[in-house]
Amino acid sequence: MPNVGLKPMLSVRPGSLLQSQTLSSHRSLTTQEAGKRSTRMAHSLNEWLWQHEYWLPPGITWEDMKESEDTHYPQPHDLLLSIPFALILVVIRCFFERTIALPLSGKLGVRDKLRPKAQPNPVLETFYGMHRKNPKEGELINLAKQCDLPVRKVERWFRRRRNIDRPNLSKKFCEACWRFTFYIISFFTGLAILYDKPWLWDHRECWTGYPQQPLQPSLFWYYLLELSFYCSLVFTLPFDVKRKDFKEQVVHHAATIFLISFSYCANYIRIGTLVMVIHDASDCFLEPTKILNYMKWKKSCNCLFMIFSAVFLISRLVIFPYTVLYNTYYYSMEIFQPFFGYYFMNALLITLQLLSVFWSCLIIRMVYKFLLQGTMEKDMRSDTEESDKDEEREKIREKERNGIMHFNNITSNNCVQRNVSQQNNRTHLTNGHAKER
């Protein structure tokens with residue numbers, strides 16, 4: 001056999017083999033050093049992040065928070081369970097909306113609005129997808145020149161194209177049903193857990209023995225349920241109905257997740273449970289109000305909206321500041337001196353309070369209009385989307401134009417018929433030798 005495969009091997013120089021070996025060993029050493037450096041950086045970052053001065057009051061260290069067989073304290077690694085639980089909630093939500101909420105919407109008479117489709121236009125579609133969905137006046141003029149269309153038709157195309165991307169009424173109904181189901185379960189679960197706890201009735205009990213307060217299993221699962229739900233809302237945020245207060249919702253979800261996580265790690269469990277129960281109380285009335293609004297049950301919707309407004313304003317503007325903010329800001333100072341966790345916790349709580357004030361202003365405005373006009377606005381709280389007023393106005397104008405043209409045609413035809421009949425009568429009378437009166 002010809003020794004073809006050996007020639008390239010024999011032609012390789014020994015020095016090049018040694019050089020390639022040294023290069024490979026050098027690369028392995030550099031990768032090992034890089035791995036060691038990254039490990040050191042992660043270790044140093046971990047040590048810096050979990051300094052007891054950040055999380056615990058002065059005089060308390062992590063050594064004092066060690067667990068034993070009888071006492072269990074919150075451990076930060078427990079929060080990692082919220083990620084798989086959040087994914088499970090997303091799966092449960094998809095199953096719930098498809099099998100329960102969507103058929104229920106059809107039985108309750110929730111019908112999606114028929115929207116006119118935009119005609120296919122590659123130029124406009126490219127601009128819609130690449131640049132913006134609502135072009136300015138100058139851009140509309142340029143697009144009209146490119147497509148050889150009137151500006152009004154281009155504007156109508158973009159309006160109809162935006163309408164297609166809007167969520168249907170059934171989608172909003174399914175989303176409200178899911179949130180209502182969760183808030184009902186979460187609220188009554190919180191009440192069942194806290195009704196026999198002393199800090200629910202005496203707020204100073206939130207700080208008795210702090211931070212060495214053992215973690216009860218019921219409080220752990222309640223925390224995990226709430227944290228998993230808000231993490232699932234973050235996962236589905238790009239696919240949910242986008243409302244006017246989308247940015248405020250993102251801030252609210254982020255502040256809630258930070259608040260739940262930090263309060264768990266710093267063992268602010270008792271304060272955290274109060275915050276969750278107070279916020280779930282008003283949400284239990286908001287979601288069914290939306291559902292009744294989608295069902296067009298106006299009287300029931302108005303009544304429930306007034307109940308929701310009262311519960312929201314009392315719980316967020318009265319109970320929450322006194323029960324939570326005043327408690328964490330003043331009562332806690334009787335037990336320990338301020339530290340980083342104290343300031344960070346109060347900053348998160350104040351962020352939630354500012355968001356509650358923002359939504360309270362919207363609700364008060366809606367209540368004011370309801371009392372003046374006797375009817376409530378179509379959109380609940382912040383569930384407001386771009387309206388079809390321009391489209392409806394344009395249709396009304398077209399109907400008016402068609403009516404005016406039809407009226408003009410009828411009147412002109414009547415005039416022509418009258419003139420013709422008068423001429424015929426005159427000719428008939430003159431031929432019959434009769435005089436015209």
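Residues numbered from 1 in each chain as written. Predicted model: local features only at pLDDT ≥ 70, side-chain atom pairs only at ≥ 80, totals over all residues. Heavy atoms only, no water.

Draft legend 1. View of the nonpolar core. One finds Trp207, Phe229, Tyr268, Val275, Val324 and Leu349 to be the most contacted residues of the largest nonpolar core, which totals 72 residues. When contributions to this core are tallied by element, the ones reaching two or more residues are α4 (82-107), α8 (169-194), α10 (217-235), α11 (246-265), α12 (269-294), α13 (298-329) and α14 (340-373). Here the element with the most residues in this core is α12; it accounts for 12 residues. Excluding anything up to four places from it in sequence, Leu349 contacts Leu259, Val275, Phe320, Val324, Leu325 and Thr328. Formed by 11 residues, the second largest nonpolar core is a distinct cluster that contains Leu140, Cys147, Trp157 and Phe158. (Core = buried A, V, L, I, M, F, W, Y, C linked by side-chain atoms within 4.5 Å. Buried < 20%, exposed > 50% of the residue type's maximum accessible area, 1.4 Å probe, protein only. Helix = DSSP H or I, 4+ residues; strand = E, 2+ residues; numbered from the N terminus. Contact = heavy atoms within 4.5 Å.)

Draft legend 2. Just α4, in detail. For α4, spanning 26 residues, the distance from its first C-alpha to its last is 35 Å, which sits close to the expected 38 Å at 1.5 Å a residue. When the local axis directions of α4 are compared, the greatest deviation, roughly 40°, occurs at Glu97. Of all the residues in α4, the buried ones are Ser82, Ala86, Leu89, Arg93, Phe96, Glu97, Ala101 and Ser105. In the segment just after α4, Gly109 is the residue with positive phi, at about 85°. (Expected span 1.5 Å × (residues − 1). Bend = angle between axes of the 7 residues up to and from the residue.)

Draft legend 3. Spotlight on empty space enclosed by the protein. Applying the stated criterion to the full structure yields four cavities of 30 Å³ or more. Looking at the second largest cavity, its volume works out to about 120 Å³. Lining the second largest cavity are 14 residues, and of these Thr256, Ile260, Val275, Met276 and His279 lie nearest its centre. Contributing elements (two or more residues each) for the lining of the second largest cavity: α10, α11, α12 and α14. Classifying every residue of the lining of the second largest cavity gives seven nonpolar, five polar and two charged. (1 Å grid on protein atoms, 1.4 Å probe; cavity = no way out; pocket = protein on both sides within 12 Å on 5 of 7 lines; lining within 4 Å. Points joined across faces, edges and corners; volume = space filled by probe spheres on them. Nonpolar A, V, L, I, M, F, W, Y, C, P; charged D, E, K, R; others polar.)

Draft legend 4. Examining the pattern of salt bridges more closely. Evaluated as defined, the whole model comprises seven salt bridges. Between Arg316 and Asp283 there is a salt bridge; the shortest N-O distance is 3.7 Å. Of this pair, Arg316 sits in helix α13 while Asp283 sits in helix α12; the two residues are 33 residues apart in sequence, bridging distant segments of the chain. In terms of burial, Arg316 and Asp283 fall into one category: buried. Several salt bridges converge on common partners, so that one network encompasses Arg93, Glu97, Glu175, Arg179 and Asp240. (Salt bridge = Lys/Arg side-chain N within 4 Å of Asp/Glu carboxyl O.)

Draft legend 5. Inspection of the packing of aromatic side chains at higher detail. Overall, the coordinates contain 29 aromatic pairs when judged by the stated rule. Centre to centre, the rings of Tyr223 and Tyr264 are 5.9 Å apart; their planes meet at 45°, and the pair counts as tilted. Pair noted here: Tyr223 is in helix α10 and Tyr264 is in helix α11, with a separation of 41 residues, a long-range link. Residue classification places Tyr264 among the buried positions, given a relative accessible area of 1%. Where Phe305 meets Phe308, the ring centres are 6.4 Å apart and the plane angle is 40°; that geometry is what we call tilted. With Phe305 and Phe308 both in helix α13, this residue pair falls three residues apart, about one helical turn. The structure contains a cluster of three or more aromatic residues connected by ring pairs, namely Trp55, Trp207, Tyr210, Phe262, Tyr268, Phe336, Phe339, Phe340 and Phe344. (Phe/Tyr/Trp six-rings, centres within 6.5 Å; stacked < 30°, edge-to-face > 60°.)

Draft legend 6. The packing of α12 against α13, seen in detail. It is at 9 Å that the axes of α12 and α13 come closest, and there the two elements cross at 165°. Considered as vectors, α12 and α13 are oriented roughly antiparallel to each other. The handedness of the crossing between α12 and α13 is left-handed. (Axes fitted to C-alpha atoms, helices over the stretch in contact; angles between N-to-C directions. Parallel < 35°, antiparallel > 145°, perpendicular 65-115°, else oblique. Left-handed = near helix turned anticlockwise from the far one by under 90°.)

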